[in-house]
Amino acid sequence: MTTPGTLPDQSATTEPGTVADLAPHRVAGPRRWWDWVLAADPGLGQLQSGWRSLVAMVTSLAVGYWTAGALDIPAMIGMMVAGMMGLMSAFAVAENTWDRLARVILWMPFPYSAVLWVCASLDGRRTAQMSLMVAALALTFFLARFGPFALITGMMLFNGLMVGMLAGIPASLVGKAFAVALVAAAAVLATRLLLCFPMPREDLLRTQRAFVVEARRVADAAVDALDPDADQQRAVRRMTRALRRLNITTVTIDGRLAQPEVAADPAAAELLHRHLFDAELALRGIGQAAADLTRLPVPAPLREALAVGLVLARDTPLGRAEGLRPAAAHIQERAGAILRDATATPDAVEAAVLARRTGDLLDTLADALGDWLALGRRTCADPADVPFQPTVALENDRLPGSAGPARRVLAAGSGTGWRRAVPYIRVPAHAAIAAAIVCPIADAIDPRRFYWGLVGVMITLFGTNTTHERLRKFAHRMIGTVVGAVLGIVLLHLVGRDHVYATLAVIVAGLSLGAWGIQRAYACWVVGLVVALTQLYGLTTPDSGMEHLLGERILDNGIGILVATACAALIFPLSRRTVVKEAERGYVDALAQVVQQVERRWDTPDAPVRLRGAARAVDAALLQVQGLVRPLVRMPLGVRGPAADHRAALLATATGHARSLAAAADIDVDLPPRLAERARLVTQTLTASLKELDRFYATGEPEGAWRRVGPLVRELETELAPAAPGPRADRLRTALREIAALDEALAAYAEQAGLPVAAPGRTAAASTPMQRTTRALMAAWGEPQTRPRTTGPARLTGTVRCDRHPEGCPAWITVISARGKRLAKAQVHHGAYTVETLPPGTHTLVVSGERHAPRAELVTVEAGAGTVRHDVARTP
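Please read these numbers as outputs of a predicted model, since none were measured by experiment. (Residues numbered from 1 in each chain as written. Predicted model: local features only at pLDDT ≥ 70, side-chain atom pairs only at ≥ 80, totals over all residues. Heavy atoms only, no water.)

Residues W51, L54, V58, L194 and L195 make up a contiguous nonpolar surface patch of about 480 Å² in total accessible area. The element best represented in the nonpolar patch is helix α4 (residues 45-71), accounting for 3 residues. Among the secondary structure elements, L195 is positioned in helix α10 (residues 174-195). Overall, L195 belongs to the partly exposed group, its relative accessible area being 46%. (Patch = residues over 30% accessible without salt bridge, like charges linked within 9 Å, V, L, I, M, F, W, Y side chains within 5 Å. Areas by Shrake-Rupley, 256 points an atom, 1.4 Å probe, with all protein chains shown as cover. Salt bridge = Lys/Arg side-chain N within 4 Å of Asp/Glu carboxyl O. Helix = DSSP H or I, 4+ residues; strand = E, 2+ residues; numbered from the N terminus. Buried < 20%, exposed > 50% of the residue type's maximum accessible area, 1.4 Å probe, protein only.)

Right, here's the structure in full:
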């Protein structure tokens, strides 16, 4: 049964210049089968890393083989020299502009070839060569503090010495080896510019698309959570994961906006940052409301309205975000009817309040998405608008980890005199001493492959700052080596030793897949690397010796990792507890910036403040804390150390309130002097408590106490109660509630940290044709149905047609019961669809497709067998 009045199809009627046209197609286009890839890898950084490795390795090995023949040198030497150019350019060079990319890649052959000559000059003097490798490894870590260009220089020095000793390149061939390296570097640069050209703007658009995909996942999970017959705990866990991924994606977008060649217009970048912040905040609120509704007996009509509204939110094309408003109004209307009912139960009233909040958040989401798509018509004209300023700095296209807190700890402890050099010499000293210990041990195990121990030292100290991180890397290295060895031996038996091109294909594939997975788990890279190395070892090692050889590799790597971990723990030690404390201190400082900016925004409305940017910095600081407190081995809740985990949970709660505060407090506050002074006292008291907490972290001794601002907020709310209602007054009250909630979470956090806690003495918008049509549909939902009813449990069939697309409109059919349960989902093939075994009742049928806005209609199934026919005619 069809209800008149449905969502209109505007795919063909949208006029040029409308908001829908301003949305980049890569972001706002229809659903695509590869959206799950974007959601798993925002910006495709992992996929691009694997593709770069594939292109660079194929190019370098081919060029090395060809130039070796042209220069009359052994093919193995040519491929080893050129292959190192491809390997290092793929893994260590990730510049996003062509000029910086060219400068780094073309520089690599010079330090590399220079140490090849030094190594050849020391031929036969093994002790001198090993000492030089130890010095080169220490120099690499020293140069790492001076930027990517200096780091690649150090890495090429170490790799050149390792290849020189491994291949035994004589001094007479060093000149030809340099020519091979230079030609290979130029070829790798050319193919990377041709096939892997850096496009930071496109990467940003892909990350924005990932945001859209995750937003749809949140809405879909909320629909599942509202299903009265579903496993609601599972649905809530799914929604929690979706909200976390959504947050990581939005933080990544802010990090990409800070990269060169991305934010060409700083004003537009700031607006993008603001609107995505508001959209994320609205989605988080919808998710939280849905989670809260799972513990309440929600009335069936209200549950149905919520489910249909969320399905519409999931399926509405981005360019038609205004279509969310009628669904939001319908939810608010159903909620209002319950709130006006004097006989409603307390549970029903609570459910109605949560539903009304969901409707308000759908309106906010429509505003944020609409403003985001209208960026092309806006400029930074308001005095309060400011250019975008970076708050998140990505590290190798990943969110920052423990490096920032570790650097701050080292800088704070450097003091005066010789200790000022500690931040510069600490890791090089670890590398030098560990390498000096490991070299003799590895040389005693196998003189030809002693460098495996040095590799263990190098990979341990790169990218780790605490003992926990190093031991975790040790576990990944060991597990990855065992898995890679098994796979590598199996592939070696399948491919054989006499098929050179097949062997090279396995090597390149292993390195490429490892590069793709390294950002997910270090063990993925180790598996790919060992698979590739097993093929190389198979060229010179018989089957009977392969297990022994791989066992030596595990042993040498393990010794190198453990010795490096011990050196780092004993020489200029940096405890994990200290780094965690510094990360939490950084979080407190970021939160203080939010409160200070709120005070400045209310005192000086024209001040160029960035409340959302400050809140995003809190997000980044929280991710650092969560990454550091992650235990080495996840234990059951009953035996896990509670302190750090509990503090991190309180900080996560505080972060949610900080986000809401940043959005609600971004208003012009026009209060009488007496009330303005009270508001200033609230923010100043909270800022003073945060500074007291920061001082406690700095000195280790509580000099003061955390002073609660809850009573001050309640006094101010009492003074504001007689004020006339309005959007600004509502947002001010929301901001005050968030300040009180933030204070509550932070007081509990301060108490757990050891600091004493003391108590202190929307206007309706003009409707569009889409909104009016959808409101008619929403109103018709409650009308009695007069059509004859069909018998069933039914098989629902029908067609989806429109005059503009006679060949059929690709679409999905979603059926929702009157209880709000999602009953079925089916795809439209060649204009027809079938839904099996629908239960009796009146259901809402939602049609979603690429070419039309979503459309909702009613269909009624009565008890009894049969087939129900329901055709959908879509207007062009």
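Once that is clear, we can look at the nonpolar core. Y587, W602, L690, L693 and W706 are the most contacted members of the largest nonpolar core, which has 65 residues in total. Elements that contribute at least two residues to this core include exactly α13 (266-293), α17 (403-413), α24 (576-603), α25 (611-629), α26 (642-664), α27 (673-699), α28 (710-720) and α29 (727-753). Among the elements that make up this core, the one with the highest residue count is α24 (12 residues). Leaving out residues up to four positions away in the same chain, Y587 has contacts with V618, A621, L622, V625, L651, A654 and T655. With 58 residues, the next largest nonpolar core counts V223, L226, L306 and A328 among its residues. (Core = buried A, V, L, I, M, F, W, Y, C linked by side-chain atoms within 4.5 Å. Contact = heavy atoms within 4.5 Å.)

All told, the structure shown has 28 salt bridges when counted by the stated rule. Here E280 ties to R284 by a salt bridge, and the two come within 3.9 Å at their closest N and O atoms. Remark: R284 and E280 occur in helix α13; sequence separation between them is 4 residues, near one turn of the helix. For E582, the salt bridge is made with R408, and the minimal N-O distance between the two is 2.9 Å. Of this pair, E582 sits in helix α24 while R408 sits in helix α17, and the two are 174 residues apart along the sequence.

Attention now goes to the confidence of the model for the chain. For any part of a model where pLDDT is low, the fine detail of the predicted coordinates should not be relied upon. Scored by pLDDT, the chain has a mean of 79; 85% of the residues are at 70 or more. The weakest mean pLDDT in the chain belongs to helix α1 (residues 19-22) at 42; the strongest belongs to α10 at 93. Of the regions scoring below 50 in pLDDT, residues 376-385 engages in 17 contacts with residues more than four places distant in sequence or in other chains. Contacts for the low-pLDDT stretch residues 633-641, under 50 throughout, to residues beyond four places or in other chains number 4 contacts. (pLDDT = per-residue confidence, 0-100.)

Within the secondary structure, R819 is located in the loop between β5 (811-816) and β6 (822-828). What makes R819 partly exposed here is its relative accessible area of 39%. In the structure, R819 is positioned 24 residues away from H843 in sequence and 8.9 Å away in space, judged by C-alpha atoms.

Taken as a whole and assessed by the stated rule, the structure comprises 10 aromatic pairs. Judged by centre distance (5.8 Å) and plane angle (25°), the ring pair of W107 and F149 falls under stacked. Of this pair, W107 sits in helix α6 (residues 98-107) while F149 sits in helix α9 (residues 148-167), and the two are 42 residues apart along the sequence. A relative accessible area of 31% means that W107 is categorised as partly exposed. Under the relative-accessibility criterion, F149 is labelled partly exposed at 31%. On the basis of an interplanar angle of 70° and a centroid distance of 6.1 Å, the ring pair of Y451 and W452 is categorised as edge-to-face. Grouped by ring-pair contacts, the aromatic residues W107, F110, F149 and F178 constitute a single cluster. (Phe/Tyr/Trp six-rings, centres within 6.5 Å; stacked < 30°, edge-to-face > 60°.)

Quick look at the packing of helix α7 (residues 109-121) against α9 now. It is at 8 Å that the axes of α7 and α9 come closest, and there the two elements cross at 35°. The chirality of how α7 crosses α9 is right-handed. Judged by residue contacts, P111, Y112, V115, L116 and C119 of α7 engage T153, M156, L157, N159, G160, L161, V163, G164 and M165 from α9. The residue inventory of the contact of α7 with α9, partitioned by class, reads 10 nonpolar, 4 polar and no charged. (Axes fitted to C-alpha atoms, helices over the stretch in contact; angles between N-to-C directions. Left-handed = near helix turned anticlockwise from the far one by under 90°. Nonpolar A, V, L, I, M, F, W, Y, C, P; charged D, E, K, R; others polar.)

Each pair of packed helices gets described by two things: the angle between the helix axes and the distance between those axes. Where helix α8 (residues 126-143) contacts helix α18 (residues 422-445), the two axes come as close as 8 Å, and the packing angle between them is 150°. It follows that α8 is roughly antiparallel to α18 by the angle criterion. In terms of crossing hand, the pair formed by α8 and α18 is right-handed. Contacts between α8 and α18 involve R126, M130, V134, L137, A138, F141 and F142 from the first element and Y424, V427, P428, A431, A432, A435, A436, C439 and D443 from the second. Counted by class, the contact of α8 with α18 contains 14 nonpolar, no polar and 2 charged residues. (Parallel < 35°, antiparallel > 145°, perpendicular 65-115°, else oblique.)

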